[in-house]
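Residue-level listing of the chains:
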Amino acid sequence: MSDHVGVRHLVVTRHALVRQVLADPVTYRPDNALDAVTPMPVTALRVLAGHRFRLPPTLANNSGASHPEIRAIVAAALHPELVGAQRPWLTALVRDRVARLGTRLDTGAPVDLYADLAADLPLLTLARLVELPDAPVGAVKEFARAALELFWAPLDTDRQLALAAEVGRFHRVLRDFAATGGGLAGELRAAGHPPDVVVGALFFLLVAGQETTSQFLTLLLHRLAGEPAVRAGLRTGDVAVADVVEEGLRLEPPIVTWRRVAATDSTLGGTAVPAGSSLVLWLARAGRDPAVVETPDEFRPGQRGSRRHLSFGAGAHRCVGDVLARMEAAVVVAEAAPLLDGVTVVRPPWCPDNLTFRMPDAFVIRGTGLMRS
Ligand code: HEM
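The rules behind the values
Residues numbered from 1 in each chain as written. Predicted model: local features only at pLDDT ≥ 70, side-chain atom pairs only at ≥ 80, totals over all residues. Heavy atoms only, no water. Donors = N, O, S within 2.8 Å, 3.2 Å for Na, K, Ca; no water. Helix = DSSP H or I, 4+ residues; strand = E, 2+ residues; numbered from the N terminus. Expected span 1.5 Å × (residues − 1). Buried < 20%, exposed > 50% of the residue type's maximum accessible area, 1.4 Å probe, protein only. Arc of directions from axis to C-beta. Contact = heavy atoms within 4.5 Å. Patch = residues over 30% accessible without salt bridge, like charges linked within 9 Å, V, L, I, M, F, W, Y side chains within 5 Å. Areas by Shrake-Rupley, 256 points an atom, 1.4 Å probe, with all protein chains shown as cover. Salt bridge = Lys/Arg side-chain N within 4 Å of Asp/Glu carboxyl O. Pairing = 2+ DSSP bridges. Axes fitted to C-alpha atoms, helices over the stretch in contact; angles between N-to-C directions. Phe/Tyr/Trp six-rings, centres within 6.5 Å; stacked < 30°, edge-to-face > 60°. Near = heavy atom within 4 Å. Polar contact = N/O pair within 3.5 Å; in protein donor to acceptor, adjacent residues only side chain to side chain. Nonpolar A, V, L, I, M, F, W, Y, C, P; charged D, E, K, R; others polar.

## Concerning the coordination of the iron atom of the ligand
Moving on, step 1. Coordination of the iron atom of the ligand by the protein involves just one donor, C319 (SG), at a distance of 2.3 Å.
Moving on, step 2. Within the secondary structure layout, C319 lies in the loop between α15 (283-286) and α16 (322-336).

## Quick notes on helix α5 (residues 87-106)
Moving on, step 1. For α5, built from 20 residues, the straight-helix expectation of 28 Å at 1.5 Å per residue is met to within 8% by its first-to-last C-alpha distance of 28 Å.
Moving on, step 2. The complete set of buried residues in α5 reads L90, T91, V94, R97, V98, L101, G102, L105 and D106. An end-on view of α5 places all buried positions within 170 degrees of arc, on one side of the element. Exposed side of α5, more than 90 degrees from the buried face: P88 and R100 are the residues found there.
Moving on, step 3. The secondary structure elements touched by the buried residues of α5 are β3 (110-112), α6 (114-118), α7 (121-129), α16 and β9 (364-366).

## Thoughts on a nonpolar patch on the surface
Moving on, step 1. A surface patch of nonpolar side chains, about 290 Å² in accessible area, is lined by M1, V11 and W282.
Moving on, step 2. The residue M1 is located in the segment before β1 (9-12) in this model.

## Overview of the sheet that holds strand β4 (residues 257-262)
Moving on, step 1. Spatial ordering of the open sheet is given by β1-β7-β4-β2, a layout of four strands whose pairing is mixed. Both outer strands of the open sheet, β1 and β2 (28-29), are each paired with one neighbouring strand and no more.
Moving on, step 2. As judged from the two bridges shared by β2 and β4, these two strands associate in the antiparallel manner. The partner of R29 across the bridge, within β4, is V261.

## Things to note about the sheet that holds β3
Moving on, step 1. Strand order in the open sheet formed by three strands is β3-β9-β8, with antiparallel pairing between adjacent strands. On the outer flanks of this sheet lie β3 and β8 (344-347), each paired with one strand and no other. When the angles between neighbouring strand axes are averaged without regard to direction, this sheet yields 35 degrees.
Moving on, step 2. Along the sheet, α5 contacts β3 and β9; its crossing angle with β3, the most-contacted strand, is approximately 150 degrees.

## Description of the packing of aromatic side chains
Moving on, step 1. Taken as a whole, this structure holds seven aromatic pairs when the rule is applied.
Moving on, step 2. Note on F53 and F203: the rings are 5.8 Å apart at their centroids and 75 degrees apart in plane angle, and the pair reads as edge-to-face. In this pair, F53 sits in the loop between α2 (42-50) and α3 (67-77) while F203 sits in helix α11 (residues 195-208), placing the two residues 150 residues apart along the sequence. The residues F53 and F203 share a single accessibility class, namely buried.
Moving on, step 3. On the basis of an interplanar angle of 70 degrees and a centroid distance of 6.1 Å, the ring pair of F151 and W152 is categorised as edge-to-face.

## Some details on the site of the ligand
Moving on, step 1. Lining the immediate surroundings of the ligand are 31 residues, of which H67, R71, R260, H317 and C319 lie closest.
Moving on, step 2. Within the backbone of L59, one N or O atom sits 3.2 Å away from an oxygen atom of the ligand.
Moving on, step 3. One of the backbone N or O atoms of A60 is found 3.3 Å from an oxygen atom in the ligand.
Moving on, step 4. Of all the secondary-structure elements, those providing two or more residues to the shell around the ligand are α3, α11, α12 (211-225), β4 and α16.
Moving on, step 5. Residue composition of the shell around the ligand, by class: 20 nonpolar, eight polar and three charged.

## A few points about the pairing of strand β7 (residues 278-282)
Moving on, step 1. For β7, a buried count of four out of five residues is recorded, marking the element as mostly surrounded by other parts of the structure.
Moving on, step 2. Bridge analysis of β4 against β7 gives five bridges, and the strand direction is antiparallel. Across the sheet, the residue bridging to V261 is S278, located in β7.

## So, the environment of E294
Moving on, step 1. For E294, the position within the fold is in the loop between α15 and α16.
Moving on, step 2. Overall, E294 belongs to the partly exposed group, its relative accessible area being 43%.
Moving on, step 3. Measuring from C-alpha to C-alpha, the distance between E294 and V18 comes to 19 Å, with 276 residues separating the pair along the chain.
Moving on, step 4. Those residues in contact with E294 that sit more than four places away from it in its chain are R300, Q303 and R304.

## A few points about the environment of D35
Moving on, step 1. For D35, the location among the structural elements is in the loop between β2 and α2.
Moving on, step 2. Note: C-alpha distance between D35 and R259 (224 residues apart in sequence) is 9.2 Å.
Moving on, step 3. The residues touching D35, leaving out its near neighbours within four places in the chain, are F151 and R259.

Printed below as a string of structure tokens:
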């Protein structure tokens, strides 16, 4: 396919082929993972340079020798035991919010499950696991969404300039923190990684580690609003929360595509792939491959193939935050699904044009105005 600026990409849709590409980082390198899909004009590059913005390969786009060590330091901070220890705190927070939102719904008032519930939960949780710069939640969210738009959306020059200014400003905050901050930043410095690498790792973590999950929570709640039988199963215990989360990841992944670049000439599923080709791996489509899932388009928790989705990628760069994202989603499903009983969807999430991220903007529901039992 040609994209909006005429660049050609090979789009990979079949589960087996997407997996094959992800499992072979030598033939198909991750180096282009963070390349801007709309090339930056000199004016926008100047804005970024004015903030001394640099993004060296650290995690997702790093095929170099430093990747395993950087990844291991990040993975240690997100160890399943540390993640599990946050569960009671998160459950109490979500339960409290859900109670308040339930009261509001009972009065017939609208509730935005993105802004009022999902948006900040992943960032608040991440901040308990990883020492982050002391920036207001709103500022981090704005920066992260600006970065997703700047690197993955079709854009005109005016918008690129505005986004470059926003991303550049926050990069400065990260640079200051990377020089002095403790926790992960301190460990990366102690392991001998230069300041740019520390900034790059924090940059990616602040985007990947929270924005993806708040998008997923919103999309999953929206999906569940239209799946009364699944909610009934959750209520009676016939449907497991973990199965709902997996089916949600398969059918409503917040990251719909991920890229690789061919390092050498190869053949993929009978198609010649010349060196230098950009491959767009359609993760969302691979999750609906009938060769893998019994009823690909239906939300049936626990069905055969449900867990074999590639929504977290695969291989050497597979998501290191999967346990955290799953824990957050499980808590939200268990606590918030009952809110969806008997409500009207006032405003489904709207997702802008973006190669990779869904970026839902809101999900507004309204109660009946009657007290719930
Ligand atoms: C539902 C939420 C999430 C989804 C769908 C998701 C998905 C992905 C995908 C598709 C990749 C690329 C994998 C590949 O190239 O094979 C990735 C990489 C990554 N993700 Fe996630 N992610 C989520 C949440 C998180 C969270 C909560 C964190 C951390 C707090 C995180 C941290 C990372 C990191 C550090 C990488 C790069 C790993 C590497 O290159 O070694 N992600 N994620």
